[in-house]
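Each chain, letter by letter, is given below.
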Amino acid sequence: MREAVREREFREFAEARQGQLRRSAYLLCGDWHQAQDLTQTTLMKLYASWGRVRRDGNVEAYARTILTRAFIDQYRRRSWREEPVDEVPEPTSAEPVTPELRLVMQAALMELPPRYRAVLVLRFWEDWSVEQTAEALRVTPGTVKSQSARGLVRLRGLVEGLAGETSGR
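The following refers to the structure shown. The shown structure was predicted, so the numbers you read here are calculated from the model rather than taken from an experiment.

**Topic: the overall build of the chain**
Then, in step 1: When you go through the chain residue by residue, the secondary structure sums to eight helices and zero strands.
Then, in step 2: Counted from the first residue to the last, the chain has its helices and strands arranged as α-α-α-α-α-α-α-α.
Then, in step 3: Residues classed as buried in the chain amount to 37% of the 169 residues present.
Then, in step 4: For the chain, long-range pairs separated by at least 24 residues make up 70% of all intrachain contacts whose partners lie at least 6 apart in sequence.
Then, in step 5: Surface accessibility of the chain: about 10900 Å² in total, with carbon and sulfur atoms responsible for 51%.

Structure representation (structure tokens):
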């Protein structure tokens, strides 16, 4: 009887959250097929720990942590370097969000290294705290802060470059 209840509870959670997990996975990887794979991996790992996670009570955070770690694990073997800049660009004024800007932002996000992308998605899309992000990524809060700052600088530069390309067409 307990197994049937466990199955039902997991199925209800998976059905309710699968779309949201897939959207977050897409923001991380930029490919719907890979996002679906990441979502399935997340749900499989979550199911394996369902009894314990459900008792602990923060199933949503645990699922997002699994998703983020699965994404990072895919890129762990790839090497990347940070590129220092001489000057930090001044922030630009807020502009209204248009469909074109969303596409530019998505393209720019995909150009970032996976770790920067993961930090920015968790911090600004998922609205996680520095501490939650650090725990999910298994890094220090200082690393989250520095990668957020560097990732935002690179993202702004990429957005400006891509926006210039699309407006010049």
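Next comes the rest of the account.
**Observations regarding helix α1 (residues 2-29)**
Then, in step 1: Approximately 50° is the largest bend angle found in α1, and it occurs at arginine 17.
Then, in step 2: Of the positions making up α1, those classed as buried are Arg6, Phe10, Phe13, Ala14, Leu21, Ser24, Ala25, Tyr26, Leu27, Leu28 and Cys29.
Then, in step 3: Close packing links the buried residues of α1 with α2 (32-48), α3 (50-56), α4 (59-75), α5 (99-111) and α6 (114-125).
Then, in step 4: Positive backbone phi, approximately 80°, marks glycine 30, located one or two places after α1.

**Observations concerning α4**
Then, in step 1: Between the first and last C-alpha of α4 there are 25 Å, a value that for 17 residues agrees with the 24 Å anticipated at 1.5 Å per step.
Then, in step 2: Every buried residue of α4 is listed here: Val59, Ala63, Arg64, Thr65, Ile66, Leu67, Thr68, Ala70, Phe71, Ile72 and Tyr75.

**A few points about the layout of surface pockets**
Then, in step 1: Each pocket or cavity is described by its volume, and for the second largest pocket that value is around 220 Å³.
Then, in step 2: Lining the second largest pocket are Asn58, Ala61, Tyr62, Thr65, Arg69, Trp128, Gln132, Glu135 and Ala136.
Then, in step 3: Taken together, the elements giving at least two residues each to the lining of the second largest pocket come down to α4 and α7 (130-137).
Then, in step 4: The dominant element in the lining of the second largest pocket, judged by the number of residues it contributes, is α4, at four residues.
Then, in step 5: When the residues that make up the lining of the second largest pocket are grouped by side-chain class, the tally is four nonpolar, three polar and two charged.

**Focus on the nonpolar core**
Then, in step 1: If you look at the biggest cluster of nonpolar residues, it comprises 41 residues, and the most contacted ones within it are Leu38, Leu46, Phe71 and Leu155.
Then, in step 2: Those elements giving two or more residues to this core turn out to be α1, α2, α3, α4, α5, α6, α7 and α8 (141-167).
Then, in step 3: If one sorts the elements of this core by residue count, α1 sits on top with nine residues.
Then, in step 4: Beyond its immediate sequence surroundings of up to four residues, phenylalanine 71 is in contact with Leu28, Cys29, Leu38, Pro114, Arg117 and Ala118.

**Points about the packing of aromatic side chains**
Then, in step 1: This model, assessed by the stated rule, comprises four aromatic pairs.
Then, in step 2: Relative to tyrosine 47, the ring of phenylalanine 10 lies with its centre 5.0 Å away and its plane at 70°, an arrangement referred to as edge-to-face. One end of the pair, phenylalanine 10, is in helix α1; the other, tyrosine 47, is in helix α2, and 37 residues separate them in sequence.
Then, in step 3: Its relative accessible area of 11% is what places phenylalanine 10 among the buried residues.

**Observations regarding the pattern of salt bridges**
Then, in step 1: Enumeration according to the criterion identifies seven salt bridges in this entry.
Then, in step 2: Note that arginine 17 and glutamate 60 form a salt bridge whose closest N and O atoms lie 2.7 Å from each other. Note that arginine 17 is positioned in helix α1 and glutamate 60 in helix α4, a separation of 43 residues in sequence.
Then, in step 3: Among the salt bridges present, the one from arginine 52 reaches aspartate 56, with a minimum N-O distance of 3.9 Å. Remark: aspartate 56 and arginine 52 occur in helix α3; sequence separation between them is four residues, near one turn of the helix.
Then, in step 4: By relative accessible area, arginine 52 is classed as partly exposed at 39%.

Cut-offs used in this document
- Residues numbered from 1 in each chain as written.
- Predicted model: local features only at pLDDT ≥ 70, side-chain atom pairs only at ≥ 80, totals over all residues.
- Heavy atoms only, no water.
- Helix = DSSP H or I, 4+ residues; strand = E, 2+ residues; numbered from the N terminus.
- Buried < 20%, exposed > 50% of the residue type's maximum accessible area, 1.4 Å probe, protein only.
- Contact = heavy atoms within 4.5 Å.
- Areas by Shrake-Rupley, 256 points an atom, 1.4 Å probe, with all protein chains shown as cover.
- Bend = angle between axes of the 7 residues up to and from the residue.
- Expected span 1.5 Å × (residues − 1).
- 1 Å grid on protein atoms, 1.4 Å probe; cavity = no way out; pocket = protein on both sides within 12 Å on 5 of 7 lines; lining within 4 Å.
- Points joined across faces, edges and corners; volume = space filled by probe spheres on them.
- Nonpolar A, V, L, I, M, F, W, Y, C, P; charged D, E, K, R; others polar.
- Core = buried A, V, L, I, M, F, W, Y, C linked by side-chain atoms within 4.5 Å.
- Phe/Tyr/Trp six-rings, centres within 6.5 Å; stacked < 30°, edge-to-face > 60°.
- Salt bridge = Lys/Arg side-chain N within 4 Å of Asp/Glu carboxyl O.

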